[in-house]
Amino acid sequence: MKKTRVRSLTPCSLTPCSLVGPARGARSARAFAALATLAFVALLGSADAQYAERRELPGSDHKNVDASGRSPKERRVRAIHSEIVQQPGATLQIQLTDPYLAYMLGRNLNFREFEEHDGALSARKTGTGGIANLGGPMPDGVTAKLTLQNQVSCIACHNIPNGNPGGGMNISKDSGFGRDTPHYFGAGLIEMLALQTRTDLLAAIDTNGDGWVSIPEAQAAPTSLTIQPHPGSPLTVDYGNPQLDGGTTGRPQLDNIIRPWFVDANGAWVEGADSVDGVTTFGYNLELIVFGWGQGPGRDALNPTVRFFMIDAFGAHAGLQAHDPTTMDDPDGDGISKPSNAGAIQFPATHQPPDQGVEVGAGLGTGGYSLADPDGDGYCTEISEGDLDYGEWFMLNLPRPAFAGTEAEHDVGVALMDQMACTSCHVQSWKIVEADGTHKGDRRFFDFRVTWDEADQRLEGELVPLFDLLGIGGDPLHAPRLGEYDVDGIFSDLRHHEMGDGFAEVGYGGTIARIWRTPPLWGVGSSFPWGHDGRSLTLDHVIRRHAGDAAASAALYVGASRADREELVRFLRKLVLYDIESLPADIDGDGIIADQLIVEGRLTGGERFNPEWLFDDPAQIFGTYVNEDGEIVNVLSVINLEQAYKLEQQYREDRDEEDGDGWPDEWDPDPLTIGWYDGVNNPPWWLDPTSGRN
Ligand code: HEC
Ligand code: HEC
């Protein structure tokens, strides 16, 4: 890409000016107000100790300072979900009018280290458990599956490279060898492919189109259900046999990645049913449990959507229970929710959030939060429905991994993968089809295209907006185009395989798992160590471990010339992750990566994707600062935090000078009293002088 010295980034370089926000004068008036607020907040030094985020400025005498600008800056305030755009600061309004802010808020939920007063870790919970307790049964129904509640942030584990949804450490899960943490770059693309595949599989067998598979439909179905990952190309993926194993009763014999659930004669989900019996259950429905390595025969993996992955991970790892009416919004009881704000259906038949908003003595609070406190730790609605809207939005739009090499190198690598039959499972390319009556299209609002610049020997990004601006006057809405998208270079068939003894794993309880999901190989070069158990410390080792369904392919690899094997491994090493926010990138679409980007009148350094600079009210950096050593530093902390992050909007506000307890004033029955529990009260032991915990 061409380079230039200085480039000024204004909202006008991204969208037609006439459509964007208030006039510049209004902005600077607000910026002035920001400085005034900042000065006021700075006087309230005591607020510091309460917040893990780093939002203060160098030289301010606060400890929560981050000159790099990468830490979450906005205070932890539960986000308020809404499905109409007229509620300022509620989720749909932010998602549609300020989508990069929604993305950033989701990012910060992923990267924030939650504190005890947010409800993290439930050490003192009144029920069972506590920090690092064991939970989740193995197939024997008794042996625990993993250590719960041992981290307070997603990036505690997903942190290579730091500040990204990377892979990371190996955790105590499933077996004594542990489970390797995968990256989740591109997770939204995978979710969209999984939901699209579900739609297509169902369409092939649900001949009357009522949304589920009846006994006669299952009987009439073909014995093998195939999908074209890339419509128009001859390659197919086989998802198994949709017929019931007992003919008119039993379970479908589909690929292990598919989880069926069983329904009554009207297609309504029957709780606890595990097969079609012709008495209470008369058919089934299905989903792709696309996320997770796999857990053995009939035990698919973990979660079907990014929204639910977030719910699950917060609950399991951090002891933060989510309350999510969106997931439970299933009026016809078919086990499928209405789409979330980001457009993804959820599957309440199989995946229900831990905080259902009901408990004796508690109940639904007004306005969409829950007072149930399922872990009894004294904090309610630890993760709100609105938080999940943002978290899902971030994960949906997450950039995908890249190839750090030339096209020629790419072609050589893929040719070798073809020759050794790797691509029969590690399918190179899928396609998200354009929205139509049944498909949703690409629901993201931007694509971050990352390619290799051979001249500079570096990866470079390009921000490609995928939305249209709707509406004249007021705040324009960013409507996703719902077009098609080639998910090139994913290298997975999104199904499971019997991998023989190579990856066999004796679980904690003694069961043996040999069936695993074909992991997408994008990013594999940055995903050390390898294999579901992280037991391969080289790529060569993980390839040699392939057995079972992959035995023939592995034999081709082992039998290939040393030069070809090394070439293949070199190729895999070039399938990389990168630091999303510091990668040199063309953000304003002028085909140039500027050496200096001016945002809100300040030189920020080279052009790159910092979502904060794309906000409706772009973040303004602190700028030049002389540090302890007398050096001049460009400090990227933000000085107009209140404006940029819309902290003062009606549905976001939790005023510091009042209580700042993480309950938005809109929900808080008493915005002047600190009440970490429910906006008013604090956990009982804080009030109980005999607890010894004051
Ligand atoms: C304690 C470490 C740890 C924490 C904390 C953690 N994860 Fe994970 N994550 C893992 C491991 C290990 C897996 C693979 C689990 C498996 O398949 O058995 C995983 C898998 C995932 C996947 C699926 C990726 C794939 O390719 O299948 C997503 C998405 C994900 N995590 C998101 C999150 C989010 C969001 C959070 C925070 C809310 C989070 N994780 C917190 C360790 C962690
Ligand atoms: C039969 C399907 C199949 C074939 C063929 C196959 N793989 Fe795999 N591959 C898998 C599965 C399943 C796993 C996950 C194994 C595990 O860790 O449990 C995997 C894992 C991997 C991994 C590790 C990924 C990670 O994130 O740790 C690499 C690398 C890999 N395969 C490369 C190859 C190459 C190269 C070939 C061709 C020589 C190949 N595979 C052929 C199914 C296949």
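Quick caveat, the model's predicted, so the values are computed rather than measured.

> How should the overall build of the protein be read in this particular structure?
When you go through the protein residue by residue, the secondary structure sums to 14 helices and 31 strands. The proportion of buried residues among the 694 residues of the protein is 57%. Pairs at least 24 apart in sequence give 63% of the contacts found in the protein among residues at least 6 apart.

> Which parts of the structure should I look at to understand the coordination of the iron atom of ligand 1?
Protein coordination of the iron atom of ligand 1 rests on one atom only, H158 (NE2), at 2.0 Å. With respect to the secondary-structure elements, H158 resides in strand β4 (residues 158–160).

> Can you walk me through the packing of helix α3 (residues 99–111) against helix α8 (residues 385–397) in this structure?
The geometry of a pair of packed helices is captured by two quantities: the angle between their axes and the separation between those axes. At a minimum axis separation of 7 Å, α3 and α8 run at an interaxial angle of 100°. Between α3 and α8, the angle is such that the two are roughly perpendicular. On the side of α3, the interface is formed by P99, A102, Y103, L105, G106, R107, L109, N110 and F111, while α8 contributes D387, Y390, G391, W393, F394, M395 and N397. Across the contact of α3 with α8, the residue classes tally to ten nonpolar, four polar and two charged.

> Would you mind going over the sheet that holds strand β14 (residues 283–288) with me for this structure?
The strand order across the open sheet formed by three strands is β8-β14-β13, and the pairing between neighbours is antiparallel. Each of the sheet's edge strands pairs with one partner strand only, and the pair in question is β8 (213–214) and β13 (258–263). Pairing of β13 with β14 involves six bridges; the strand directions are antiparallel. Across the sheet, residue I258 finds its bridge partner in β14, namely L288. Packing of helix α4 (residues 187–205) onto the sheet brings it into contact with β8, β13 and β14, and relative to β14 it is tilted by some 155°.

> How should the site of ligand 1 be read in this particular structure?
Ligand 1 sits among 24 residues. The nearest are C154, C157, H158, K173 and G292. Between ligand 1 and R179 there is a distance of 3.3 Å, counted from an oxygen atom to a side-chain nitrogen or oxygen. A distance of 3.0 Å separates an oxygen atom of ligand 1 from a polar side-chain atom of R517. Looking at the shell around ligand 1, the elements with two or more residues in it are β7 (179–180) and α6 (306–318). Among the elements that make up the shell around ligand 1, the one with the highest residue count is α6 (five residues). Across the shell around ligand 1, the residue classes tally to 13 nonpolar, seven polar and four charged.

> Honestly, the packing of aromatic side chains in this entry has me stumped. Any pointers?
If you walk through the whole model with that rule in mind, you get 25 aromatic pairs. Look at F114 and F314: their rings are 5.3 Å apart centre to centre, the planes differ by 80°, and that puts the pair in the edge-to-face class. Taken together, the positions of F114 in the loop between α3 and β2 (134–137) and F314 in helix α6 put the pair 200 residues apart, joining distant regions of the chain. Of the two residues, F114 and F314, both sit in the buried class. Aromatic pair F448 and Y578: ring centres 6.4 Å apart, planes at 45°, arrangement tilted. You can see F448 sitting in strand β17 (residues 446–453) and its partner Y578 sitting in the loop between β26 (575–576) and β27 (585–586), a full 130 residues away along the chain. Judged by its relative accessible area of 2%, F448 falls in the buried class.

> Before we go on, may I ask you to explain the environment of H439 in this structure?
Of note, H439 is situated in the loop between β16 (429–432) and β17. In sequence terms H439 and L195 are 244 residues apart; their C-alpha atoms lie 8.7 Å from each other. The residues touching H439, leaving out its near neighbours within four places in the chain, are Q196, T199, D200, V433 and E434. For H439, the side chain forms a polar contact with the side chain of D200, separated by 2.6 Å.

> Looking at this structure, how should I read the site of ligand 2?
Taken together, 27 residues form the shell around ligand 2, and within it C422, C425, H426, H532 and H546 come nearest. One of the side-chain N or O atoms of H426 is found 2.8 Å from a nitrogen atom in ligand 2. In this structure, G531 approaches ligand 2 through a main-chain N or O atom, which is 2.7 Å from an oxygen atom. Where the shell around ligand 2 is concerned, the elements lending two or more residues are β25 (515–517), α10 (539–544) and α11 (551–559). In terms of residue count, the dominant contributor to the shell around ligand 2 is α10 (three residues). The class makeup of the residues in the shell around ligand 2 is 17 nonpolar, eight polar and two charged.

> What am I meant to see in the coordination of the iron atom of ligand 2 here?
Six octahedral donors around a metal ideally make angles of 90 or 180 degrees; four tetrahedral donors ideally make 109.5 degrees. Bound to the iron atom of ligand 2 on the protein side are H426 (NE2) and H546 (NE2), at distances that span 2.0 to 2.1 Å. The exposure class assigned to H426 is buried, which follows from its relative accessible area of 10%.

> Can you help me understand α4 in this one?
An α-helical segment advances 3.6 residues per turn. Residues three or four places apart therefore align on the same side. Across its 19 residues, α4 extends 28 Å between first and last C-alpha, which sits within 8% of the 27 Å expected from 1.5 Å per residue. Where burial is concerned, most of α4 is hidden: 15 out of the 19 residues are buried.

> What should I look at first to understand helix α9 (residues 407–419) in this one?
When the terminal C-alpha atoms of α9 are compared, their 18 Å separation across 13 residues agrees well with the 18 Å that a helix rising 1.5 Å per residue should span. Looking at the buried side of α9, the elements it contacts are β15 (402–403) and α12 (562–573). In the segment just after α9, A421 is the residue with positive phi, at about 60°.

> Could you clarify how one ought to interpret the pairing of strand β30 (residues 621–626) in this entry?
Pairing analysis gives five bridges linking β30 to strand β31 (residues 632–638), with the strands arranged antiparallel. Note that in β31 the partner of V626 across the bridge is I632. Here β30 folds back onto β31 in antiparallel fashion, the turn holding five residues, of which G630 has a positive phi close to 80°.

> Looking at this model, I keep getting lost on the side chain of R565. Mind explaining?
As for its placement among the helices and strands, R565 is situated in helix α12. Notably, R565 is buried but unbridged: the nearest opposite-charge side chain belongs to D540, and the N-O separation is 4.6 Å. Polar side-chain contacts of R565 include one of 2.9 Å to the backbone oxygen of A560. Contact partners of R565, with chain neighbours within four places excluded, come to R544, Y557, V558 and A560.

> In this structure, what is going on with the sheet that holds β27? I would like to understand it.
Neighbouring strands of a sheet are bound in pairs by backbone hydrogen bonds; such pairs are parallel or else antiparallel. Reading across the sheet, the three strands line up as β17-β18-β27 and stay open at both edges, with mixed pairing between neighbours. The open sheet has two edge strands with one neighbour each: β17 and β27.

> Looking at this structure, how should I read the nonpolar core?
Side chains of a nonpolar character, in soluble globular proteins, are inclined to be buried together. In this structure, Y239, W430, F448 and F609 are the most contacted members of the largest nonpolar core, which totals 100 residues. The element best represented in this core is α4, accounting for nine residues. In this structure, F448 is in contact with P399, G461, E462, L463, Y578, I580, L583, A585, I587 and F609, ignoring residues within four places of it in sequence. W293, F403, A513 and L568 belong to the second-largest nonpolar core, a separate cluster that totals 26 residues.

> Would you mind showing me how to read the confidence of the model for the protein here?
Caution is warranted with low-pLDDT regions, since their predicted coordinates should not be read in detail. Averaged over all residues, the pLDDT of the protein equals 89, while 88% of them reach at least 70. A low-confidence stretch, residues 10–51 stays under pLDDT 50, and its non-local contacts, those more than four residues away or across chains, total 60 contacts.

> How should I be thinking about the pattern of salt bridges in this particular structure?
Pairs can form between side chains of opposite charge once their charged atoms are near each other. Within the structure shown, the criterion is met by 33 salt bridges. Measuring nitrogen to oxygen at the nearest pair gives 2.6 Å for the salt bridge that ties R112 to E53. Of this pair, R112 sits in the loop between α3 and β2 while E53 sits in the loop between α1 (24–43) and α2 (91–97), and the two are 59 residues apart along the sequence. Under the relative-accessibility criterion, R112 is labelled buried at 4%. Under the relative-accessibility criterion, E53 is labelled buried at 3%.

The rules behind each value
Residues numbered from 1 in each chain as written. Chains lettered and ligands numbered in written order. Predicted model: local features only at pLDDT ≥ 70, side-chain atom pairs only at ≥ 80, totals over all residues. Heavy atoms only, no water. Helix = DSSP H or I, 4+ residues; strand = E, 2+ residues; numbered from the N terminus. Buried < 20%, exposed > 50% of the residue type's maximum accessible area, 1.4 Å probe, protein only. Contact = heavy atoms within 4.5 Å. Donors = N, O, S within 2.8 Å, 3.2 Å for Na, K, Ca; no water. Axes fitted to C-alpha atoms, helices over the stretch in contact; angles between N-to-C directions. Parallel < 35°, antiparallel > 145°, perpendicular 65-115°, else oblique. Nonpolar A, V, L, I, M, F, W, Y, C, P; charged D, E, K, R; others polar. Pairing = 2+ DSSP bridges. Near = heavy atom within 4 Å. Polar contact = N/O pair within 3.5 Å; in protein donor to acceptor, adjacent residues only side chain to side chain. Phe/Tyr/Trp six-rings, centres within 6.5 Å; stacked < 30°, edge-to-face > 60°. Expected span 1.5 Å × (residues − 1). Lys, Arg positive; Asp, Glu negative; His and termini not counted. Salt bridge = Lys/Arg side-chain N within 4 Å of Asp/Glu carboxyl O. Core = buried A, V, L, I, M, F, W, Y, C linked by side-chain atoms within 4.5 Å. pLDDT = per-residue confidence, 0-100.

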